[in-house]
Amino acid sequence: MTAPVGPRTWLRRFHTAPDPATRPVRLVCLPHAGGAAGYFVPLSAELSAVADVLAVQYPGRQDRWHEPAVDDLHELVRQVVAALEPALDERPLVLFGHSMGALVAYEAARFLNPARLYVSGCPAPSRGVGGEGETTGDEDILADLRTLDGTSGELLSDPEVLELIMPALRADYRAVRTYRWRPGPEPACPLTVLTGDRDPRTPADAVLDWKRHGTGECRFHAYEGGHFYLTEHVRRVAELVGADLAPHPRAAPGKDRPHPR
């Protein structure tokens, strides 16, 4: 059952534990372009015993379809950070983002000082992202989605479905296309970079450049599969993340976190 938390429209909790004390870490997941919070239901199920897993629901999709989607990534980050801050407590914050969500998680980490950062299916910010960053029209977007094989072909051919999902897709693709990395302080937390070994989005050199975007430990893990490798390997990814999170030392609340630029 989905339970909105914090600012009602932004955060979703899919699984709860009888004793919250058994989950001393808060893991916040950020979805890909065109994606929604529900993409992380399987990961939440795998990690609910060791972390309080929340997923961000961007405007313009599913139960937020009536709200305008945000087509500027830095503005989306500002809104995500503003939504997260009231929900934070003494527990360490961990961020996990996939594809566009990796950029959002990375930029949010520059302000929120998380304990850990996981970025998945995305080139390093300073390298540009390619793919969705190069598409402009609806047909380009749909062709790109078919190439990535993350959305049912039947859905992409249904005019009624397209009418619902295209506004968010247009905004997300524009947000990625116009995103530019801005020099500044980098996250000081451990950074883990996850990719699919056949993902056209993530050539090896662009992935390895993530080491330029952190000041702590940086690890790389590749899984068999394409851009949406996570769908097939959610248990293996959860084992990796779970080993990092449990046990985890408590951290003081981030009262001095800077606000987004």
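Look up: the structure comes first, before these words.
This text gives an overview of the structure that appears in the document.

1. Considerations on the packing of aromatic side chains
Thinking step 1. This structure, assessed with the given rule, holds six aromatic pairs.
Thinking step 2. With a centroid separation of 5.3 Å and an interplanar angle of 80 degrees, the aromatic rings of tyrosine 39 and phenylalanine 40 are classed as edge-to-face.
Thinking step 3. Relative to tryptophan 210, the ring of tyrosine 106 has its centre 5.7 Å away and its plane inclined at 80 degrees; by these criteria the two rings are edge-to-face. One end of the pair, tyrosine 106, is in helix H3 (residues 100-112); the other, tryptophan 210, is in the loop between helix H7 (204-208) and strand E8 (218-223), and 104 residues separate them in sequence. Here tyrosine 106 and tryptophan 210 have matching classes, each one buried.
Thinking step 4. Lying over the aromatic face of tryptophan 10, arginine 64 brings its terminal NZ or CZ to 4.4 Å of the ring centre.

2. Comments concerning the side chain of histidine 74
Thinking step 1. One can find histidine 74 in helix H2 (residues 73-84).
Thinking step 2. Looking at histidine 74, its side chain comes within polar contact range of the main-chain oxygen of arginine 180, at 3.0 Å.
Thinking step 3. Those residues within four positions of histidine 74 in sequence are excluded, and the remaining contacts are Glu107, Tyr179, Arg180 and Arg182.

3. A word on the pairing of strand E7 (residues 191-196)
On a regular strand, one side chain projects to one face of the sheet and the next to the other, so that they alternate.
Thinking step 1. Among the six residues in E7, six count as buried, and that is most of the element.
Thinking step 2. The two faces of E7 match: Leu191, Val193 and Thr195 on one face and Thr192, Leu194 and Gly196 on the other face are all buried.
Thinking step 3. Pairing analysis gives four bridges linking strand E6 (residues 116-120) to E7, with the strands arranged parallel. In the sheet register, leucine 117 faces E7, and the bridge partner there is leucine 191.
Thinking step 4. Summarising the sheet, E7 and E8 pair through six bridges and their orientation is parallel. Of the residues in E8, the one forming a bridge with threonine 192 is arginine 219.

4. Points about the pairing of E6
Thinking step 1. A large share of E6 lies buried, amounting to five of its five residues.
Thinking step 2. Burial along E6 is two-sided: the face carrying Arg116, Tyr118 and Ser120 and the face carrying Leu117 and Val119 are both buried.
Thinking step 3. The sheet contact formed by strand E5 (residues 93-98) and E6 spans five bridges and is parallel. Directly across from valine 94, in E6, lies its bridge partner arginine 116.
Thinking step 4. After leaving E5, the chain enters H3 and then returns to the sheet as E6, a path that is right-handed.

Rules behind the numbers
- Residues numbered from 1 in each chain as written.
- Predicted model: local features only at pLDDT ≥ 70, side-chain atom pairs only at ≥ 80, totals over all residues.
- Heavy atoms only, no water.
- Phe/Tyr/Trp six-rings, centres within 6.5 Å; stacked < 30°, edge-to-face > 60°.
- Helix = DSSP H or I, 4+ residues; strand = E, 2+ residues; numbered from the N terminus.
- Buried < 20%, exposed > 50% of the residue type's maximum accessible area, 1.4 Å probe, protein only.
- Lys NZ or Arg CZ within 6 Å of the ring centre and 35° of its normal.
- Polar contact = N/O pair within 3.5 Å; in protein donor to acceptor, adjacent residues only side chain to side chain.
- Contact = heavy atoms within 4.5 Å.
- Pairing = 2+ DSSP bridges.
- Right-handed = clockwise from strand over helix to strand, strands pointing away.

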